[in-house]
Amino acid sequence: MSGNEKDKDPAALKEEGNTLFKAGDMQGALCCYTKALKLSDRQADSAVLYRNRSACYLKLEEYSKAEADASKALDTDPGDVKARFRRAQAFQKLGRLDQAFLDAQRCAQLEPKNKAFQDLLRQLGAHIQQKSLQQNSTDARVQQMFSLLLDGSANDSDRQKAAQNLVVLSREDAGAEQIFRNDGVKLIQRLLQSKQEDVVLSALRTLVGLCTGHQSRTMAIVNELGMEQLCAVMGAGASAVSLAACHLLQVMFEALTEGMKREIRGKDEAILPEPSKELRSMLRHLLEMMPASNVSGVGRDGAINLLVKQVPRKSLKNPDNSLTLWVIDQGLKKILEVAGTVAELSEGPPLTDNSHMSCSVLLSKLYDDLKSDKERENFNKLCEEYVQANFSRSGLDAKLRAIQTVSVLLQGPSDVGNRTLEMSGMIDAVISLCASKDVIHQQVAVEALIHAAGKAKRASFITANGVALLKDLYKKSENDRIRVRALVGLCKLGSAGGTDFSMKQFAEGSTLKLAKQCRKWLCNESLPPTSRRWSVEGLAYLTFDADVKEDLVQDKNALLAMCELAKSEDKTVLFAVGSTLVNCTNSYDVEKPDPQMVELAKYAKQHVPEEHPKDAPSYVEKRLVKLLEAGVVSALVCMVKQESPALTEACRECIARVFLALVERQEDRGTVVAQGGGKALIPLASDNTDIGKIKAAQALAKITITSNPEIAFPGERIYETVRPLVSLLSLECTLLQNFEALMALTNLAGISERLRQKIIKEKAVPKIEGYMFEEHDLVRASATECMCNLVLSTEVQQLYLATGNDRLKLLVLYSGEEDERLRKAAAGTLAMLTAEQPELCARIPGTTTHWLEIVQALLLSEITDLRHRGVVIVQNMMQAEKGLAETLMESEALEILSVLAKGGEGTPEAVSKVAQNCLDKAVEYGVIQSREGSEKSKGTEP
């Protein structure tokens, strides 16, 4: 039957689906059954297809779909015991135990002797009994907590304890449901109005428990409490309360948005209206918090953080950016009001040291989420209108607001910032205010000048006009806040040549002097944290120079001060620290030019970049050791934990690059793991730029190869390493990254069946099989080693059992290759497969005419491991079929096995024992005579 005919025949599609299912290709089988269902016109055939597709969905862990298909099969044939059993399994996974029990009970009635049905019935009975006991216990505990909290005569300590116990209860499904059903939300509403911070915190944490992963409860709570109250709590002065409220709103957003992605929303599977109304209401209230003077700085930062996380699209593949457009339309000017606020002036909302940086990140995220020139032009227009409205107003305060807004835009969407900077009179105003005698005016202007200097369009203009001004401020100002900012401006301009040793802006030694002053201010604890942060900013630019890198790593006090600053509450320092460490570790990407092109460039008198002698690998290695001694790993771990918009994807990429550099040497990996580096790398491998994800995944691979993964990634964390490692099995990655990923996956696959299942679920097997054909010897061998561990799983064994492929042939041929590592891996895989699936033994002679020579070569190998694998393969083949035993015994294998069975020097006992087992099996079949029998027959000869 041709391919086109098969696609039109439901019976053929069903058979193809069955074959794919047996081979472990669930997606392929699912596709075949779905096509067949569209073509099938007989109810009975459709019922079987629904039943089969239900089995696929069960394997793929899509339990709602599995239940739906099983139910459709039962609608046609209520006596279909397989469909009923599959529905029972789906109900169990969905937590609908009562329905699962009824289906399992019916299955057991129809087939009383079926062990699988009886086992499921017992299992469900035990779960239902346990849940009932738990429910009764929870009811009593919830009522007890409520009574204490509502009792006005109870002492404060008892009420606080009751509030904390309520938090614990809310984290259990049964407890959360009881709190919610017993009017717990109204009680929590009263607790939120308490004057005691501990009680308010407990109320917020209880709400987190109620909302986590549950859309229906979240919608009810949002409507009952109202966003006004939640935003008021977040905008309160207490930092801990504000952060807890911010976390609650984040959980609410996640519950609502995740619910929208699922077909059936909420754990209780209630059919609910779309939560878009609640989402828009929440976002509107967050935008209204921006300019509100009664909202604390911490609360405002929390609102900005939530907008950063919730508004832009998670993936640019999603075409719908309507939420971003709505926020720009409704709230861009409110965000710009925060951006333009100068904290020391009387007007404007309260800010923290992180507010402006958070604002620039939000503006950048919104701008990057726009799809067309028209949308970007509208964004530019709104920003220009706001800046122009302030700049054209009379009074210096308004002009300062305009300049501050430009400064924030330059840190965020720099294209927009450049356009506002080019507005008539803006640059002149900035430069003139730098000379102001008012420190606040000077500070705003100098910061704007610094941010403008980083943009290519303005750097040359400012180099020509601003250097003298910055030098003057640095030398003559009596205020360290101004001096440190002027210094950073000079650092920024002095680093314009990047890592190119031949392109230096300032005289020899100037950058070293600037760096020395930066380190001095960095170590000066009497300076405010913002000033010390600016000194790190200066080092981030100056450490392009290898001499500066060397001086910095030799200054232990400066390194310790920088690490402590990275752990502080000032989140704006994160990128500066990350950039400085990337420069010190040389973990940036450098494309080495073609030597022929370099010669041509020299001949044409073109500029050729030069590497600094102190950027040689030997210097970099010493710098890495110094950084590890200074405790840089613990600083990086703290940076990853920061819940702040300042921890941008670019910042995460810097951290991932530094981690990769730190684990380059095998002897340093233990130190990195011991200080929490392994744990920190996991989120970096999933939430990062594309390059950052690869760098973090490669660092994970290096750790997994040389460390015990169960120690490096304890508990559930080890399973989180699989996806990043599988992501390295891509053509976009280098062969080294492919190789390291395969080595790491080999280690994981050898630990447990659960890990092997995780690797299979991440669709790694086809990729690993692809690398088994790679030309590079090490990559090919490592892929085969990984497969050797994966064949312990039944699903992978089924792939080899499936007919119509050359998987088995490849292993047989690889067992005869010259590459020792590849031979060991292939022969080991063959030994395990033939032991687990004896029917494969009969197929080996059909793979190649040289199979016997390959097996004999393994038996004769001088390498003990290969000999051992060879005798195990022979033993498996002989145990599988008498015919195979006869073929082997008629060849030279008999003589070789006889020699191996005798043992002696050079033959391990394990090899001798298996060889003897082979001979014993041949005797049992009657293919050969035992030694005793042979001698006996000789004695009776005439």
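Not measured: the values here are computed from a predicted model.

A count of helical and extended segments in the protein chain gives 54 helices and 0 strands. Residues classed as buried in the protein chain amount to 53% of the 942 residues present. Residue pairs in contact within the protein chain that sit at least 24 positions apart in sequence constitute 68% of those at least 6 positions apart.

Contact pair helix α6 (residues 81-93) / helix α7 (residues 97-110): the axes reach a minimum separation of 8 Å and the direction vectors enclose 155°. In terms of axis orientation, α6 runs roughly antiparallel to α7. Handedness of the α6/α7 crossing: left-handed. Contact with α6, carried on its side by V81, R84, F85, R87, A88, F91 and Q92, involves L97, Q99, A100, D103, A104, R106, C107 and L110 of α7 and no other residues of that element. When grouped by side-chain class, the residues that make up the contact of α6 with α7 number 9 nonpolar, 2 polar and 4 charged.

Moving on, we come to the packing of aromatic side chains. By the definition in use, this model includes 3 aromatic pairs. Centroid distance Y474 to W521: 6.3 Å. Interplanar angle 75°. Geometry classified as edge-to-face. With Y474 in helix α25 (residues 456-476) and W521 in helix α27 (residues 510-523), this pair connects stretches of sequence that are 47 residues apart. Comparing Y474 with W521 shows no difference in burial state: the two are buried. In this arrangement the basic side chain of R754 is found over the ring face of Y719, its NZ or CZ atom lying 3.9 Å from the centre.

Below, the discussion takes up unusual backbone geometry. Most of the time, phi is negative for any residue but glycine, and the peptide bond is trans. The residue N586 is not glycine, and still its phi comes out positive at about 55°. With respect to the helices and strands, the residue N586 is situated in the loop between α31 (574-585) and α32 (595-603). The class of N586 is buried, set by a relative accessible area of 18%. The backbone of K763 sits at a positive phi, close to 60°, despite the residue not being glycine. Inspection of the secondary structure assignment puts K763 in the loop between α43 (753-761) and α44 (765-771).

Another point: α27. In this model, α27 (14 residues) spans 20 Å end to end at C-alpha, consistent with the 20 Å of a helix rising 1.5 Å per residue. Taken as a whole, α27 has its buried residues at T511, L514, A515, Q517, C518, R519, W521 and L522.

All right, on to the nonpolar core then. Ranked by internal contacts, the top residues of the largest apolar core, which has 263 residues, are L286, F379 and F659. Counting residues per element, this core draws most heavily on helix α15 (residues 239-261), which supplies 10 residues. The contact partners of F659, leaving out residues within four places of it in the chain, are V633, L636, V637, V672, G677, A680, L681, L684 and A699.

As a further point, take the environment of S54. Structurally, the position occupied by S54 is in helix α4 (residues 43-59). Spatially, the C-alpha atom of S54 lies 9.0 Å from that of L30, the residues being 24 residues apart in sequence. Residues in contact with S54, not counting those within four places in the same chain, are A66, D69, A70 and R86.

Topologically, S355 is positioned in helix α19 (residues 355-368). Relative accessible area serves as the criterion here: at 0%, S355 is assigned to the buried category. One polar contact links the side chain of S355 to the main-chain amide nitrogen of T352, over a distance of 2.9 Å. Sequence-distant contacts of S355, defined by excluding residues within four places in its chain, comprise G297, D301 and I304.

We now examine the state of the cysteines. One pass over the structure, following the stated rule, counts 0 disulfides. Left unpaired, C786 is separated from the closest cysteine sulfur, that of C788, by 9.7 Å. Looking at C786, the relative accessible area reads 0%, which means it is buried.

A few words now on helix α53 (residues 909-925). Taking 1.5 Å per residue as the helical rise, α53 with its 17 residues ought to reach 24 Å, and the 24 Å between its terminal C-alpha atoms agrees with that figure. Residues V911, S912, V914, A915, C918, L919, K921, A922 and Y925 constitute the buried set of α53.

For the coordinates displayed, the defined rule picks out 41 salt bridges. Here K549 and D615 are joined by a salt bridge, their closest N and O atoms 2.9 Å apart. Taken together, the residues K549 in helix α29 (residues 546-554) and D615 in the loop between α32 and α33 (617-629) connect sequence positions 66 residues apart. On the accessibility criterion, D615 (5% relative accessible area) is buried. For E664, the salt bridge identified is with K702, shortest N-O distance 3.7 Å.

Bringing the side chain of K549 into the picture now. For K549, a relative accessible area of 0% corresponds to the buried category. Engagement of the side chain of K549 in a polar contact is seen with the side chain of Y588, the distance being 3.0 Å. Setting aside residues no more than four positions away along its own chain, K549 makes contact with T543, F544, N583, C584, N586, Y588, D615 and R623.

So, on to the packing of helix α20 (residues 373-391) against helix α22 (residues 414-421). The geometry of α20 relative to α22 is characterised by a closest axis approach of 10 Å and an angle of 40° between their N-to-C directions. As far as their axial angle goes, α22 and α20 are oblique. Every pair of crossing elements has a handedness; the one defined by α20 and α22 is right-handed. For the pair α20 and α22, the contacting residues are E377, F379, N380, C383, E384 and V387 in the first and V416, R419 and T420 in the second. Taken together, the residues that form the contact of α20 with α22 break down as 4 nonpolar, 2 polar and 3 charged.

Criteria and cut-off values
Along each chain, the written sequence defines residue order, and numbers are assigned to residues from 1. Selection of residues for local features in this predicted model requires a pLDDT of at least 70, selection of side-chain atom pairs for listing and counting requires 80 or more, and totals for whole chains, interfaces and linings are taken over all residues. Where side-chain values are given, they derive from all heavy atoms of the structure, hydrogens and water being excluded. Segments assigned H or I by DSSP are reported as helices when at least four residues long, segments assigned E as strands when at least two residues long, and all are numbered from the N terminus. Three exposure classes are used, based on accessible area relative to the maximum for each residue type with a 1.4 Å probe and protein chains only: buried under 20%, partly exposed in between, and exposed over 50%. We call two residues in contact whenever any of their non-hydrogen atoms come within 4.5 Å of each other. In this analysis an axis means a line fitted to C-alpha atoms, helices contributing only their contacting stretch, and an angle means the value between N-to-C directions, from 0 to 180 degrees. What sets the label is the angle itself: under 35 degrees gives roughly parallel, over 145 gives roughly antiparallel, 65 to 115 gives roughly perpendicular, and the rest give oblique. By definition, any crossing whose near helix is turned counterclockwise from its far helix by less than a right angle is left-handed, and any crossing with a clockwise turn is right-handed. Note on residue categories: nonpolar means Ala, Val, Leu, Ile, Met, Phe, Trp, Tyr, Cys or Pro, charged means Asp, Glu, Lys or Arg, and polar means any other residue, Gly included. The pairing test for Phe, Tyr and Trp rings, Trp by its six-membered ring, is centres within 6.5 Å, and the orientation test on the planes gives stacked under 30 degrees, edge-to-face over 60, and tilted for anything in between. Put simply, a charge is over a ring when the Lys NZ or the Arg CZ is close to the ring centre, within 6 Å, and near the line of the ring normal, within 35 degrees. The length a helix should cover is 1.5 Å for every residue beyond the first. In this description, a nonpolar core means a group of buried Ala, Val, Leu, Ile, Met, Phe, Trp, Tyr and Cys residues linked to one another through side-chain atoms lying within 4.5 Å. The term polar contact refers here to a pair of N or O atoms within 3.5 Å; inside protein, the definition further demands a hydrogen-donor-capable atom paired with an acceptor-capable atom, and it admits residues adjacent in sequence only when both atoms are side-chain atoms. Note that a disulfide, as used here, is simply two cysteine sulfur atoms within 2.5 Å. We define a salt bridge as a side-chain nitrogen of Lys or Arg found within 4 Å of a carboxyl oxygen belonging to Asp or Glu.

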